[in-house]
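Fold and contact review
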Amino acid sequence: MTWTMSVIPPEGVDLFWPEVKDLLGPAVALSGGRLDMVSLLDGMHSAKYVLWVVYDDKQIIRAAFTSRIAVYPRRKVLAVECAGGTGMRHWVELVQQTFRNFSNDLGLSGVEMYGRPGWLRVLSRYGWKHSMMVMEVDQRVDAAAGGQN
């Protein structure tokens with residue numbers, strides 16, 4: 001089977017949204033309230049986020065990703081914020097290499113990805129590594145509990 005990964009321009013997002021929203025939904029649900037589906041879609045329309053799709057030779061979309069350029073004081077990287085799909089073992093090599101090539105073509109210093117630990121288990125064979133852990137406290141929850149933990 002042949003796999004293809006394509007970037008979708010902002011004006012094409014609505015055409016693909018019905019097919020990708022269920023693939024991206026679990027990642028949005030795990031975002032800790034940073035995103036919801038409306039803000040993600042708005043971000044793709046405004047080009048804050050870029051939509052990527054992976055499809056097979058039958059033109060069936062099997063995976064979807066969103067990315068943005070993350071600018072830090074000493075580095076700029078391609079940040080893959082939302083990721084989801086089925087049959088990862090078939091397309092993961094294509095995806096990680098596409099993101100690396102795209103990052104390199106833009107003169108960025110690398111790629112970072114947010115996701116569940118399962119992504120690292122698969123990506124580590126391509127040189128990806130765990131670089132940091134996010135810790136947080138949701139003050140909205142803390143305040144609702146009266147400051148009790």
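Each value, and the rule that gives it
- Residues numbered from 1 in each chain as written.
- Predicted model: local features only at pLDDT ≥ 70, side-chain atom pairs only at ≥ 80, totals over all residues.
- Heavy atoms only, no water.
- Helix = DSSP H or I, 4+ residues; strand = E, 2+ residues; numbered from the N terminus.
- Rg over C-alpha atoms; globule rule 2.2 N^0.38 Å.
- Buried < 20%, exposed > 50% of the residue type's maximum accessible area, 1.4 Å probe, protein only.
- Contact = heavy atoms within 4.5 Å.
- Areas by Shrake-Rupley, 256 points an atom, 1.4 Å probe, with all protein chains shown as cover.
- Salt bridge = Lys/Arg side-chain N within 4 Å of Asp/Glu carboxyl O.
- Pairing = 2+ DSSP bridges.
- Axes fitted to C-alpha atoms, helices over the stretch in contact; angles between N-to-C directions.

1. Let's talk about the overall build of the protein
When helices and strands are counted, the protein shows 5 helices and 5 strands. Along the protein, from the amino end to the carboxyl end, the secondary structure elements read β-α-α-β-β-β-α-β-α-α. For 149 residues, the compact-globule estimate of 2.2 N^0.38 gives 15 Å, and the protein sits close to it at 16 Å. By its C-alpha atoms, the protein is 55 × 35 × 30 Å across when sized along the principal axes. For the protein, buried positions account for 38% of its 149 residues. The contacts in the protein between residues at least 6 apart in sequence include a share of 61% that link residues at least 24 apart. When the accessible surface of the protein is split by element, carbon and sulfur atoms take 54% of a total near 9500 Å².

2. A closer look at the environment of L24
Position of L24 among the secondary structure elements: in helix α1 (residues 13-29). The buried category is assigned to L24, whose relative accessible area is 0%. Counting along the chain gives 103 residues from L24 to G127, while the straight-line C-alpha distance between them is 25 Å.

3. Points about the environment of V111
Within the element layout of this structure, V111 appears in strand β5 (residues 111-113). Residues V111 and T4 lie 107 residues apart in sequence; the distance between their C-alpha atoms is 20 Å. Setting aside residues no more than four positions away along its own chain, V111 makes contact with V77, L78, V80, F99, R100, S103 and W128.

4. Points about the pattern of salt bridges
Overall, the coordinates contain 3 salt bridges when judged by the stated rule. A salt bridge links E136 to R34; the nearest nitrogen and oxygen atoms lie 3.3 Å apart. Taken together, the residues span a long stretch of sequence, with E136 in the loop between α4 (117-123) and α5 (139-144) and R34 in the loop between α1 and α2 (37-45) at a distance of 102 residues. For E136, a relative accessible area of 52% translates into the label exposed. Judged by relative accessible area, which is 53%, R34 ranks as exposed. In this structure, R62 engages D56 in a salt bridge whose closest nitrogen and oxygen atoms are separated by 3.0 Å. Judged by relative accessible area, which is 1%, D56 ranks as buried.

5. Describing the sheet that holds strand β3 (residues 61-71)
The sheet built from 5 strands is open, its strands ordered β1-β2-β3-β4-β5 with mixed pairing. Both edges of this open sheet fall to β1 (3-8) and β5, since each of them pairs with a single strand only. Strand-to-strand twist of the sheet, defined as the mean angle between neighbouring strand axes without regard to direction, takes the value 30°. Looking at chain direction, strand β4 (residues 76-85) and β5 are connected through 3 bridges and run parallel. Residue pairing across strands places V80 opposite M113, the latter belonging to β5. Where α1 meets the sheet, its contacts fall on β1, β2 (50-56), β3 and β4, and the angle it forms with β3 comes to roughly 80°. Contacting β1, β2, β3, β4 and β5, helix α3 (residues 88-105) crosses the sheet at an angle of about 40° to β1.

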